[in-house]
Amino acid sequence: MRYIDTDIAIIGAGIAGAGVAAELAGDFKVVLIEQEDRPGYHSTGRSAATFIRNYGNATIRALSRASAPLFEGADRTLFPQPLLVQRGLLYVADADGLSKQAELLASADGLLEISAAEAVAKVPVLRPEKIAAAAYEEDAQDIDVAALHEGWLRKARGGGAEVLTKAPLLRALREGGKWEIETPTSRIRADILVNAAGAWADRVARESGVEPLGLTPMRRSIAVVPAPQGLDIMGWPLVADAAEGWYFKPDAGKLFISPAEEIPVEPHDAFVDDMVMAEGLYRFEQAVDVPVTRVERSWAGLRTFAPDRTPVAGFDSTAENFFWLAGHGGYGIQTAPALSHLAGQSIRRTNLPDDLAALVPALSPDRFRS
Ligand SMILES: Cc1cc2nc3c(=O)[nH]c(=O)nc-3n(C[C@H](O)[C@H](O)[C@H](O)COP(=O)(O)OP(=O)(O)OC[C@H]3O[C@@H](n4cnc5c(N)ncnc54)[C@H](O)[C@@H]3O)c2cc1C
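Residues numbered from 1 in each chain as written. Predicted model: local features only at pLDDT ≥ 70, side-chain atom pairs only at ≥ 80, totals over all residues. Heavy atoms only, no water.

**Student:** Help me understand the sheet that holds strand β4 (residues 84-86), please; the structure alone is not making it clear to me.
**Tutor:** Strands pair in a sheet through their backbones, by hydrogen bonds, and they do so in one of two ways: parallel or antiparallel. One open sheet accounts for 3 strands, arranged β3-β8-β4; its pairing is antiparallel. Of all the strands in the sheet, just β3 (50-52) and β4 have a single pairing partner and so form its edges. With strand direction ignored, the average angle separating the axes of adjacent strands in the sheet is 35°. Note: β3 against strand β8 (residues 140-143), 3 bridges, orientation antiparallel. (Pairing = 2+ DSSP bridges. Helix = DSSP H or I, 4+ residues; strand = E, 2+ residues; numbered from the N terminus. Axes fitted to C-alpha atoms, helices over the stretch in contact; angles between N-to-C directions.)

As structure tokens, then:
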């Protein structure tokens, strides 16, 4: 049994935990507590790794806007390669998806209507007769998620943070002005507990004697299939059905295809539902003129949403020094730079830049407390 005294204990070493650890280590003693044998095993290691500025509600978009310069101006010593690489995003709608497409166009900046012929010129496998409307956003990028996550963990460790793996939280108790945190192999005393437990965040709250917020993990899966023969796919944009029936994008010479499902589940090590995948691949095949002959591999992950689909980042007013950093939904990577900074500054109780300060009420866990 190890006994550790620290300033800040962070439950979860996904992108959220790693980002806030990198913000705080060096100035505070930080311990990251991760149940798996390696950080990033759950949602962070299973994403589609895309940055879409027009994705999500107004708060998500503001977080994404604030994250863009942090991605682009990232410390070159920590991140020698660019974290964002140009991809582009093409929305297509069939007749049933026209109203959804109109909604997207009305609410988006930099998303431009294009013709079906222009869409097919960008992605020649699309069936023109299935395209009732199309729109293109140039400013969408691939994110190097592994580089970001590993870079932040390196920075945190460089600042003295310790990462405990195979350390599931058993319980946490506020006693004598400190959090007393138990894992099977350690007892940790911390001033502040940060709940960055992804799909398990409500469970971690319960295990800490804190009222959960009603977060819902939703499963989403991805299949990797060979590129259509004879086509150079690397310059293709991400192509998404406006009605969210599927999306696909090139990745390392293969195609990622997602059924874009949102299925509420209990937190667990997510796996693909074969029927859901088969239906998604069928919808994809209706939109393109190449069949899926082989799925090389596939995986599922959990996108965890608060009831208003906005992340939760802030101290809980009902539990002393309990900080929520959860509910990142399908945008947890692209918003991570801004959310990590906001969380770090909030924990330091230091002023935030105006654009982030304006988001604090929308992100606060207190919006769910009556
Ligand atoms: C298929 C898919 C596609 C996606 N595509 C994108 C995308 O293109 N762009 C984007 O921005 N986002 C995307 N996302 C969302 C993104 O992956 C998540 O929002 C993000 O990874 C959440 O990070 P996190 O650190 O909160 O969660 P996680 O990465 O799940 O980390 C939480 C960690 O907490 C640990 N933990 C939980 N409970 C305990 C406990 N009791 N004790 C100790 N440790 C614990 C877990 O083991 C886990 O490692 C996608 C997600 C999926 C599934």
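**Student:** I tried to follow the site of the ligand on my own but got confused; where do I start?
**Tutor:** Lining the immediate environment of the ligand, one finds 38 residues, of which Glu 34, Thr 44, Gly 329, Ile 333 and Gln 334 sit closest. At a separation of 3.3 Å, an oxygen atom of the ligand approaches a polar backbone atom of Ala 49. One nitrogen or oxygen atom from the main chain of Tyr 331 is found 3.5 Å from an oxygen atom belonging to the ligand. Surface burial for the ligand is 97%, taken as the share of its 1,000 Å² of free accessible area covered by protein chains. Along the lines of polarity and charge, the residues of the shell around the ligand split into 18 nonpolar, 15 polar and 5 charged. Both of domain 1 (2-50 + 145-214 + 308-368) and domain 2 (89-138 + 216-305) provide at least three residues apiece to the shell around the ligand. (Near = heavy atom within 4 Å. Polar contact = N/O pair within 3.5 Å; in protein donor to acceptor, adjacent residues only side chain to side chain. Areas by Shrake-Rupley, 256 points an atom, 1.4 Å probe, with all protein chains shown as cover. Nonpolar A, V, L, I, M, F, W, Y, C, P; charged D, E, K, R; others polar. Domains from an automatic or database assignment.)

**Student:** How do you make sense of the packing of helix α2 (residues 58-72) against helix α8 (residues 336-348) when you look at a structure like this?
**Tutor:** Angle between the axes and distance between the axes: these two values describe a pair of packed helices. Their axes nearest at 6 Å, the elements α2 and α8 cross at an angle of 95°. It follows that α2 is roughly perpendicular to α8 by the angle criterion. The segment α2 lies against α8, with Leu 63, Ala 66, Ser 67, Leu 70 and Phe 71 engaging Ala 336, Pro 337, Ala 338 and Leu 339. (Parallel < 35°, antiparallel > 145°, perpendicular 65-115°, else oblique. Contact = heavy atoms within 4.5 Å.)

**Student:** Whenever I open this one, the pattern of salt bridges confuses me. Can you help?
**Tutor:** When their charged atoms lie close together, side chains carrying opposite charge are able to pair. Scanning the entire structure with this criterion turns up 23 salt bridges. For Asp 139, the salt bridge goes to Arg 53, with nearest N and O atoms at 3.4 Å. Separated by 86 residues along the polypeptide, Asp 139 in the loop between β7 (133-137) and β8 and Arg 53 in the loop between β3 and α2 bring together distant segments of the chain. Classification of Asp 139 as partly exposed rests on a relative accessible area of 37%. On the basis of relative accessible area, Arg 53 is assigned to the buried category, the value being 18%. Salt bridges here are not isolated pairs; linked through shared partners, they connect Asp 5, Glu 180 and Arg 189. (Salt bridge = Lys/Arg side-chain N within 4 Å of Asp/Glu carboxyl O. Buried < 20%, exposed > 50% of the residue type's maximum accessible area, 1.4 Å probe, protein only.)

**Student:** I tried to follow the packing of aromatic side chains on my own but got confused; where do I start?
**Tutor:** The geometry of an aromatic ring pair is captured by two quantities: the separation of the ring centres and the angle between the planes. Applying the stated criterion across every chain yields a total of 10 aromatic pairs. Consider the rings of Phe 51 and Phe 71, whose centres lie 5.5 Å apart with planes at 85°: the pair is edge-to-face. Highlighted residues: Phe 51 in strand β3 and Phe 71 in helix α2, separated in sequence by 20 residues. Relative accessible area serves as the criterion here: at 0%, Phe 51 is assigned to the buried category. A residue is classified by how much of its surface remains accessible, and Phe 71, at 1% relative accessible area, is buried. Among the aromatic side chains, those forming a connected cluster through ring pairs are Trp 236, Trp 246, Phe 248 and Phe 284. The ring of Tyr 41 has Arg 46 sitting right over it, with the charged end atom 4.9 Å from the ring centre. (Phe/Tyr/Trp six-rings, centres within 6.5 Å; stacked < 30°, edge-to-face > 60°. Lys NZ or Arg CZ within 6 Å of the ring centre and 35° of its normal.)

**Student:** Honestly, the nonpolar core in this entry has me stumped. Any pointers?
**Tutor:** For soluble globular proteins, the rule of thumb is that nonpolar side chains tend to be buried together. Ranked by size, the top nonpolar core spans 60 residues in total, and within it Ile 33, Leu 90, Val 92, Leu 126, Ile 181, Phe 248 and Trp 324 carry the most contacts. A total of 4 residues in this core trace back to one element, the largest contributor, which is helix α7 (residues 274-287). There are two domains that each give this core at least three residues, and those are domain 1 (2-50 + 145-214 + 308-368) and domain 2 (89-138 + 216-305). (Core = buried A, V, L, I, M, F, W, Y, C linked by side-chain atoms within 4.5 Å.)

**Student:** Hey, could you run me through the environment of Pro 217 in this one?
**Tutor:** Inspection of the secondary structure puts Pro 217 in strand β13 (residues 216-226). Sequence-wise, Pro 217 and Ser 317 are 100 residues apart; in three dimensions their C-alpha atoms are separated by 24 Å. Setting aside residues no more than four positions away along its own chain, Pro 217 makes contact with Ala 199, Ile 263, Pro 264, Val 265, Glu 266, Pro 267, Leu 302, Arg 303 and Thr 304.

Don't take any of this as a statement about function, it's just geometry.
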